[in-house]
Amino acid sequence: MMDAIGQPLERADAHLKVTGAARYAAEWDLPGLAYGAVVVSGIARGTVRAIDAKAARRTPGVLAVLTHENAPRLRPLPDKLGKVLLRGEGGMTEARQPLQDAEVYYAGQPLAVVVADTHERARHAATLVGVTYDEQPPELAMTTARRQARPATFLGSPEEKLQVSIGDPAAALAAAPVRLERVYESAVTHHNPIEPLATIAHWEQRDGADFLTLYDTTRFLTGVQQIAAGAFSLPKENVHVICPFVGGAFGSKGWLFAPPLLAALAARMVGRPVKIEWRRQDMFTVAGHRSATRQTLALGATPDGQLTALQHDTQSHASLVSGFAEPCANLSRMLYQVPNLGFTHQVAHLNLPSPSTMRGPGETVGGWALECALDELATELKLDPVALRLKNYAEHNPETGKPWSSKHLRDCYARGQALIGWEKRNPVPRAMREGRYLVGYGMATTMYPAGRNAATARATISADGQALVESATHEIGNGARTIFRQISADGLGLPVARVRFELGDSALPPAPNTGGSVTTATVGPAVLAACRNALRALRQLAVRDAQSPLFGAAEEAIEARAGRLQLRAAPAQGEDYGAILRRARLPAVSAEGSAKPGPEKKQYSFYSFGAVFAQVRVDEATGVIRVARLCGVYDVGRVMNPPTARSQLLGGMTMGLGATLMEETSYDPRTGHPVVRNLADYHVPSLADTPEMSIEFLDNPDPHIGELGARGIGEIGCVGTPAAITNAVFHATGQRLRELPLTPDKLLRAATRA
Amino acid sequence: MMNPANQTQFIDQGLASDPTNRLPVTLTINGQAYPLQLESRVALLDALRENLHLTGTKKGCDHGQCGGCTVHIDGQSALACLTLAVMSEGKAITTIEGLAQGETLHPLQAAFIRHDALQCGYCTPGQLMAASAWLSGQPPRTAAEIQEAMSGNLCRCAAYPNILAAILEAQGA
Ligand code: FES
Ligand code: FES
């Protein structure tokens, strides 16, 4: 039954959010709360010789100053969390625990925490802490870094190999009638959610044992729980992580665990709850980022545009204490039918902060390079960019040979062309003008892998006819609270108004981290399973109850509709859920359910697809590029809630626009300090930067990903948009810009050279 | 003219000039008076969030760059992170908690819900406070004017097209 699924329902937590009642991590009011302010490293490489905290400790209200010398000891991070490799080359996270040693690996690294009774006193005292160092010259350039690595896999996943060669790409390139080799570079970008990182840590004794509660802004409740439990040698059950609202994540707030651990260390030390709210400038050092990349794309093709070879080599950077590799070949490995395919990934270890996933990790900038190279090839061969893509359309996954679970990319291209008015495009670059502006149209393919993980949920039906469904998933703006409520309503046969869905608490039935655009496909089936189990319990009560109109009926003959159990064949014969429970003198029935992926992944290749079209206006006098229109057509399986889905796509596409035109963090090449570390210098798109946007979904349910038929939508909007805009800029100006972001200086420089 | 040394001494002796001295301050927020003892260095934003637990006003940057902390002071929009609490005494402060009339949402709040003009919701109070102050008592604005005027309120979720649609609709209400 799908009454609520697919409906354009209002966001379940919208009222809380527009009235200021939604409670984010820093906003819990605990008695005796103290405040932590972090002292960070002023050098990028070296060793702390001494920390002079005397003045800070003398400041009124200061309760403690934690440094590597006096902080409680933490056990090291595990090598893996579930299947995800944490440490080592290709691993996810920063492989060191905070305040355990004197080594400095990057500027902005936390070195001390000052705890005081007020926020102001803590902040002020933190400025009084003096640190002296034995400094070494930092390594800050990818090309000259001494430590380079070629990780075998991304996060240890056997399915995500980072060094691959299929066929003979080198020979095929050498033999190709048409050859194109280009270098594309992209800048460091930061997630910059508007809610900064924050944690409140609270230690208690419960039944004689240590118990830690963390109010933490995280999209990985069980990760924080396991990491904190491991670090403090506690059973997992003795760590409780609470986070009903995340103020945006975009790939941050997931896998870098030092912030909650620092708050826990501080709270342990002072014996009071401690809050650490990170400053905006810290978001440029401790919250992760997308590494800069230098990518070489080599394409071999026949004169009519058939690809014969593709080689995609990526250089990115990680810190000295992280092995994270930006997996840039994610599109190259699967998007086009090419017989000779190769890719490599090299990571330079620098004295810069540890990177992390950022919306479309690998796909956003890797897909940009690939889709720009395709555009360059189309220009070279005088082919329409869409025609070139259709010519190389992959009917099955070229790397694995598996069939797609569902793919309607041709429809995306066609619909996108209609939306943007592709037929109006004069294929000749620099041929279209509107007044003083050069006008250009560009397009790109987008995709995102559609994964699915295991999850659990609990459904409770109460005698008052209301229901509560719960799972430890996260509300990061993705609409989880809204769509799982819809799914629950359908699963329970109840109107949405009678169903509440709760999340954001590690004490609820476990769900994995919210990331990788897998949440609907992961948690949705668990929610349905829990609902089914709760209804089964209710049916069993009814059929055994002599007073029930359903007494003695076969369970399969009973259906759940609009809050009633009734006979399928005779719907009038039945009763509402509350009546069954009241007669049984039960306040509620409750059941858990779980779901995990089946063998489908062995048989099919799961991806969402889409096509993005952009129209730009370029002012050649100033070099300013404005995106006038963005049209995206997406093949993402069944859509649970069109408005919230559209919102996610708007957000993704706009973040892609930001990465294309304005977002860039630069570091001082001598000191390694971020030169850009606030929201005035780091430009995220504003309302005035927002183009006219049209977004459409094909709404073809995926027949193989599970009964909801939903693939993910969180990241695909960010992917594709950068190439569509970059290609439109070429079409407008005749200038190929191969360095993100496309700031005015680069366009002016290119125009001068031409 | 006071010489610099005397000036320093004067400031040191002045109760209000020592940022660590606690002063009695009464803040009038959403029509209610809140007597507080606050150091003079306490920002209005921290007074709201930490001392009064009115956490609807958000801290996104603490530098006047994101708009998340927008409140109304005497009907004008103001950034609470750049306003000292002690300077707000005697003024009428309105926060997001006071934007609705009891159970009745402000037309902008209702329009934000209808247009899904929010995702994570963290920037939302600031958006609403900025828009409500700017539109109040004014003739309807054009889309271009709204885009310009609201660009001091960053939304990283980029609910922007929906924010624009919501404001366009609500200003007619
Ligand atoms: S917190 Fe005040 S403008 Fe960002
Ligand atoms: S709704 Fe998330 S920052 Fe605006």
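Residues numbered from 1 in each chain as written. Chains lettered and ligands numbered in written order. Predicted model: local features only at pLDDT ≥ 70, side-chain atom pairs only at ≥ 80, totals over all residues. Heavy atoms only, no water.

**Concerning the sheet that holds strand 8 (residues 130-135) of chain A**
Residues and elements named next belong to chain A.
At step 1: The antiparallel open sheet is built from three strands, whose spatial order is 6-2-8. Every interior strand has two partners, whereas the edge strands, strand 6 (103-104) and strand 8, have only one.
At step 2: Judged from the six bridges that link them, strand 2 (residues 46-52) and strand 8 form a sheet pairing that is antiparallel. Bridge pairing links Asp-52 to Gly-130 in strand 8. (Pairing = 2+ DSSP bridges. Helix = DSSP H or I, 4+ residues; strand = E, 2+ residues; numbered from the N terminus.)

**Thoughts on the confidence of the model for chain B**
Residues and elements named next belong to chain B.
At step 1: For chain B, per-residue confidence averages 91 on the pLDDT scale, and residues scoring 70 or more make up 90% of the total.
At step 2: Across residues 1-14, confidence stays below pLDDT 50; counting only partners more than four residues off in sequence or on other chains, it has four contacts.
At step 3: Among the scores for the predicted complex, ipTM is 0.97 and pTM is 0.96. (pLDDT = per-residue confidence, 0-100. Contact = heavy atoms within 4.5 Å.)

**Considering the interface of chain A and chain B**
At step 1: Listed by partner, the interface residues are 59 residues for chain A and 46 residues for chain B.
At step 2: Buried area between chain A and chain B, both sides added, is near 4,400 Å², and the carbon and sulfur share of it is 56%.
At step 3: The three residues of chain A that bury the most area against chain B are A:Val18, A:Ile194 and A:Leu687, which together make up 18% of that side's buried surface.
At step 4: Note that B:Glu39 is salt-bridged to A:Arg121, the shortest N-O span being 3.4 Å. (Buried area = accessible area lost by both parts, 1.4 Å probe. Salt bridge = Lys/Arg side-chain N within 4 Å of Asp/Glu carboxyl O.)

**Here we look at the layout of surface pockets**
Residue and element names in this part refer to chain A.
At step 1: Empty space within the second largest pocket amounts to approximately 570 Å³.
At step 2: At the level of elements, strand 11 (178-186), strand 16 (293-301), strand 17 (307-318) and helix 16 (744-753) are the ones that each hand at least two residues to the lining of the second largest pocket.
At step 3: For the lining of the second largest pocket, the residue count by class is eleven nonpolar, eight polar and seven charged. (1 Å grid on protein atoms, 1.4 Å probe; cavity = no way out; pocket = protein on both sides within 12 Å on 5 of 7 lines; lining within 4 Å. Points joined across faces, edges and corners; volume = space filled by probe spheres on them. Nonpolar A, V, L, I, M, F, W, Y, C, P; charged D, E, K, R; others polar.)

**Focus on the domain arrangement of chain B**
All names here are of chain B.
At step 1: Domain annotation for chain B reports domain 1 (4-98) and domain 2 (107-170).
At step 2: Here the C-alpha centroids of domain 1 and domain 2 sit 25 Å apart.
At step 3: Taken together, the contact between domain 1 and domain 2 spans 18 residues of the former and twelve residues of the latter.
At step 4: If you sort the residues of domain 1 by the area they bury against domain 2, Lys-58, His-72 and Ile-96 come out on top, with a joint share of 43%.
At step 5: At the junction of domain 1 and domain 2, the tally comes to zero salt bridges.
At step 6: Within the residue set of the side of domain 1 that touches domain 2, elements represented by two or more residues are strand 3 (70-73) and strand 4 (76-79). (Domains from an automatic or database assignment.)

**Some details on empty space enclosed by the protein**
Residue and element names in this part refer to chain A.
At step 1: Following the criterion strictly, the structure yields ten cavities of 30 Å³ or more and no others.
At step 2: Forming the boundary of the largest cavity are 17 residues, of which Glu-94, Arg-96, Tyr-106, Leu-256 and Ala-258 lie nearest the centre.
At step 3: The element contributing the most residues to the lining of the largest cavity is helix 6 (residues 258-270), with three residues.
At step 4: Considered class by class, the residues forming the lining of the largest cavity number eleven nonpolar, four polar and two charged.
At step 5: Each pocket or cavity is described by its volume, and for the second largest cavity that value is around 130 Å³.
At step 6: Lining the second largest cavity are 18 residues, with Leu-197, Thr-217, Lys-253, Gly-254 and Leu-256 sitting closest to its centre.

**A word on helix 5 (residues 221-231) of chain A**
Residues and elements named next belong to chain A.
At step 1: Of all the eleven residues making up helix 5, nine are buried; the element is thus mostly covered by neighbouring parts of the structure.
At step 2: Three or more residues of helix 5 are buried, namely Leu-221, Thr-222, Gly-223, Val-224, Gln-225, Ile-227, Ala-228, Ala-229 and Ala-231.
At step 3: Residues of helix 5 that are buried in the fold lie against strand 4 (80-81), strand 13 (209-216), strand 14 (239-242) and helix 6. (Buried < 20%, exposed > 50% of the residue type's maximum accessible area, 1.4 Å probe, protein only.)

**Observations concerning the nonpolar core**
All names here are of chain A.
At step 1: With 83 residues, the main nonpolar core has Leu-299, Leu-377, Val-616, Leu-630 and Ile-725 as its most contacted residues.
At step 2: A per-element tally of this core places helix 7 (residues 363-381) first, with ten residues.
At step 3: Contacts of Ile-725, omitting those with residues within four sequence positions, involve Ala-614, Val-616, Val-627, Leu-630, Leu-657, Thr-660 and Leu-661.
At step 4: If you look at the next biggest cluster of nonpolar residues, it comprises 59 residues, including Leu-74, Val-84, Leu-162 and Trp-278. (Core = buried A, V, L, I, M, F, W, Y, C linked by side-chain atoms within 4.5 Å.)

**A look at the packing of helix 7 of chain A against helix 15 (residues 721-733) of chain A**
Residue and element names in this part refer to chain A.
At step 1: At a minimum axis distance of 8 Å, the contact between helix 7 and helix 15 shows a crossing angle of 35°. In the packing of helix 7 onto helix 15, the handedness of the crossing is right-handed. Contacts from Thr-364, Gly-367, Trp-368, Glu-371, Cys-372, Asp-375 and Thr-379 in helix 7 reach Pro-722, Ala-723, Thr-726, Asn-727 and Phe-730 in helix 15. (Axes fitted to C-alpha atoms, helices over the stretch in contact; angles between N-to-C directions. Left-handed = near helix turned anticlockwise from the far one by under 90°.)

**With respect to unusual backbone geometry**
Residues and elements named next belong to chain A.
At step 1: The omega torsion of the bond from Leu-740 to Pro-741 falls at -5°, within 30 degrees of zero and hence cis.
At step 2: You can see Pro-741 is positioned in the loop between helix 15 and helix 16.
At step 3: Backbone geometry places Asn-192, a non-glycine residue, at a positive phi of 45°.
At step 4: With respect to the helices, strands and loops of the structure, Asn-192 is situated in the loop between strand 11 and strand 12 (198-206).
At step 5: What makes Asn-192 buried here is its relative accessible area of 2%.

**Examining the domain arrangement of chain A**
Residue and element names in this part refer to chain A.
At step 1: Here chain A is described as being made up of domain 1 (402-451 + 602-753) and domain 2 (452-597).
At step 2: Distance from the C-alpha centre of domain 1 to the C-alpha centre of domain 2: 39 Å.
At step 3: Contact with domain 1, which involves 17 residues of that partner, is made by 16 residues of domain 2.
At step 4: Counting the contacts that link domain 1 with domain 2 gives one salt bridge.
At step 5: For the interface between domain 1 and domain 2, the tally reads seven residue pairs in polar contact (both at pLDDT 80 or more).
At step 6: Counting residues per element, the ones that place at least two in the side of domain 1 that touches domain 2 are strand 20 (437-449) and helix 14 (642-661).
At step 7: In terms of residue class, the side of domain 1 that touches domain 2 is made up of eight nonpolar, seven polar and two charged. (Polar contact = N/O pair within 3.5 Å; in protein donor to acceptor, adjacent residues only side chain to side chain.)

**Here's the deal with the pattern of salt bridges**
Opposite charge on two side chains makes pairing possible when the charged atoms of those side chains draw close.
All names here are of chain A.
At step 1: Taken as a whole, this structure holds 54 salt bridges over all chains when the rule is applied.
At step 2: The salt bridge involving Arg-179 is made with Glu-181; its shortest N-O contact spans 4.0 Å.
At step 3: Given a relative accessible area of 48%, Arg-179 falls into the partly exposed group.
At step 4: Close ionic contact of Arg-583 with Glu-575 constitutes a salt bridge, the shortest N to O distance being 2.8 Å.
At step 5: Taken together, the salt bridges that share partners define one network made up of Asp-13, Lys-17, Glu-475 and Arg-481.

**A look at the pairing of strand 24 (residues 558-561) of chain A**
All names here are of chain A.
At step 1: Sheet topology note: the strand 24/strand 25 (residues 564-567) ladder contains four bridges and is antiparallel. Note on strand 25: the bridge partner recorded for Glu-559 is Gln-566.
At step 2: Between strand 24 and strand 25, which pair antiparallel one after the other, the connecting turn spans two residues, and Ala-562 there sits at a positive phi close to 45°.

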